[in-house]
Amino acid sequence: MADRVVVRRMFIWCDALDLDGNPDPAGFWDDVGTIEYDGRVYHGSGTVISIETLSATSDFSIPRLKITASGLELSTNELVRSRRLAQRPISVSVGLFAPANRALIPPLIPYFEGVVDDPDIPTAAGGKSQIILTCESASRALTIKRTETRSKSSLSQRTAGDRFYDYTAGQREKTIYFGRKGP
């Protein structure tokens, strides 16, 4: 690694709350030491954090992201035990880092945006001590089916002065041609 000029590093930022409900964000990155970028402080976690690879699916389902951290590392253990993480925003970014001068080359490239769906600390006698954060993508909100109908009443609940559907009833008899001239 000494001959590498630039290496790829993963940066995790979680907008967590403390146990009283006050904002208490936390940032981690997969190297050693502390680094500040864009007003955020990322604490080094070495190789104790692993981020699952996101893969595209052909059925348009939106995959979850699983972040696994060591339960023995004090900073990652504190993240889960002293903060509320469930349904809190989390972002994972990729950054280029120059180890020779310990400089981060801007900008951070977004890799994942979403919420922590399930923070879990599995405990098994004689097993690994690990923390698993299962995260749901923010784009999942695009797949949720809405119960409202396309009607004047449902539209006026959002904006009372909207009169779009007052004029659509008269268009049923008239053919609208898209992309070509009418007869």
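What you are looking at is a predicted structure, and each value in this text was computed from that prediction instead of being measured. (Residues numbered from 1 in each chain as written. Predicted model: local features only at pLDDT ≥ 70, side-chain atom pairs only at ≥ 80, totals over all residues. Heavy atoms only, no water.)

**Topic: the environment of Ile105**
Alright, step 1. Its location among the elements puts Ile105 in strand 10 (residues 103–120).
Alright, step 2. By relative accessible area, which is 34% here, Ile105 ends up partly exposed.
Alright, step 3. With 68 residues separating them along the chain, Ile105 and Tyr37 place their C-alpha atoms 9.8 Å apart.
Alright, step 4. Setting aside residues no more than four positions away along its own chain, Ile105 makes contact with Val6 and Leu96. (Helix = DSSP H or I, 4+ residues; strand = E, 2+ residues; numbered from the N terminus. Buried < 20%, exposed > 50% of the residue type's maximum accessible area, 1.4 Å probe, protein only. Contact = heavy atoms within 4.5 Å.)

**Things to note about the nonpolar core**
Alright, step 1. Grouped together as the largest cluster of nonpolar side chains are 21 residues, with contacts concentrated most on Ile67, Leu85, Ile90, Val92, Val116, Leu133 and Cys135.
Alright, step 2. Every element with two or more residues in this core is listed here: strand 1 (7–14), strand 3 (26–29), strand 7 (65–70), helix 1 (74–81), strand 9 (89–98), strand 10 and strand 11 (130–137).
Alright, step 3. Non-local contacts of Val116, meaning those with residues more than four positions away in its chain, are made with Cys14, Leu85, Ala86, Gln87, Arg88, Ile90, Leu133, Thr134 and Cys135.
Alright, step 4. Of all hydrophobic cores here, the second largest spans nine residues; its members include Val7, Trp29, Phe97 and Leu108. (Core = buried A, V, L, I, M, F, W, Y, C linked by side-chain atoms within 4.5 Å.)

**Here's the deal with a nonpolar patch on the surface**
Alright, step 1. Taken together, the side chains of Val5, Val6, Leu96 and Ile105 present a nonpolar region at the surface, about 320 Å² in accessible area.
Alright, step 2. Given the relative accessible area of 65%, Val5 is considered exposed. (Patch = residues over 30% accessible without salt bridge, like charges linked within 9 Å, V, L, I, M, F, W, Y side chains within 5 Å. Areas by Shrake-Rupley, 256 points an atom, 1.4 Å probe, with all protein chains shown as cover. Salt bridge = Lys/Arg side-chain N within 4 Å of Asp/Glu carboxyl O.)

**A short note on the side chain of Asp31**
Alright, step 1. Relative to the helices and strands, Asp31 resides in the loop between strand 3 and strand 4 (34–37).
Alright, step 2. According to the relative accessible area criterion, Asp31 is buried, its value standing at 13%.
Alright, step 3. A distance of 2.9 Å separates the side chain of Asp31 from the side chain of Arg9, its partner in a polar contact. (Polar contact = N/O pair within 3.5 Å; in protein donor to acceptor, adjacent residues only side chain to side chain.)

**Regarding the sheet that holds strand 6 (residues 49–51)**
Alright, step 1. Taken in spatial order, the nine strands make up an open sheet running 4-5-3-1-9-10-11-7-6, and their pairing is mixed. Pairing within the sheet leaves two strands with one partner each, and these edge strands are strand 4 and strand 6. Mean inter-strand twist for the sheet, computed between neighbouring axes without regard to direction, equals 35°.
Alright, step 2. Sheet topology note: the strand 1/strand 3 ladder contains four bridges and is antiparallel. Bridging across to strand 3, Trp13 finds its partner in Gly27. (Pairing = 2+ DSSP bridges. Axes fitted to C-alpha atoms, helices over the stretch in contact; angles between N-to-C directions.)

**What to know about the state of the cysteines**
Alright, step 1. Tallied over the full model, the rule gives zero disulfides.
Alright, step 2. For Cys135, which is in no disulfide, the shortest distance to another cysteine sulfur is to Cys14 and amounts to 7.8 Å. (Disulfide = S-S within 2.5 Å.)

**A closer look at the packing of aromatic side chains**
Alright, step 1. If you walk through the whole model with that rule in mind, you get four aromatic pairs.
Alright, step 2. Ring plane angle 70° and centroid distance 4.9 Å describe the contact between Trp29 and Phe97, whose orientation is recorded as edge-to-face. Note that Trp29 is positioned in strand 3 and Phe97 in strand 9, a separation of 68 residues in sequence.
Alright, step 3. With relative accessibility at 1%, the residue Phe97 sits in the buried group.
Alright, step 4. Connected via pairs of aromatic rings, a cluster forms that spans Phe11, Trp13, Trp29, Tyr42 and Phe97. (Phe/Tyr/Trp six-rings, centres within 6.5 Å; stacked < 30°, edge-to-face > 60°.)

Without other data, these values stay purely geometric and don't point to any function.
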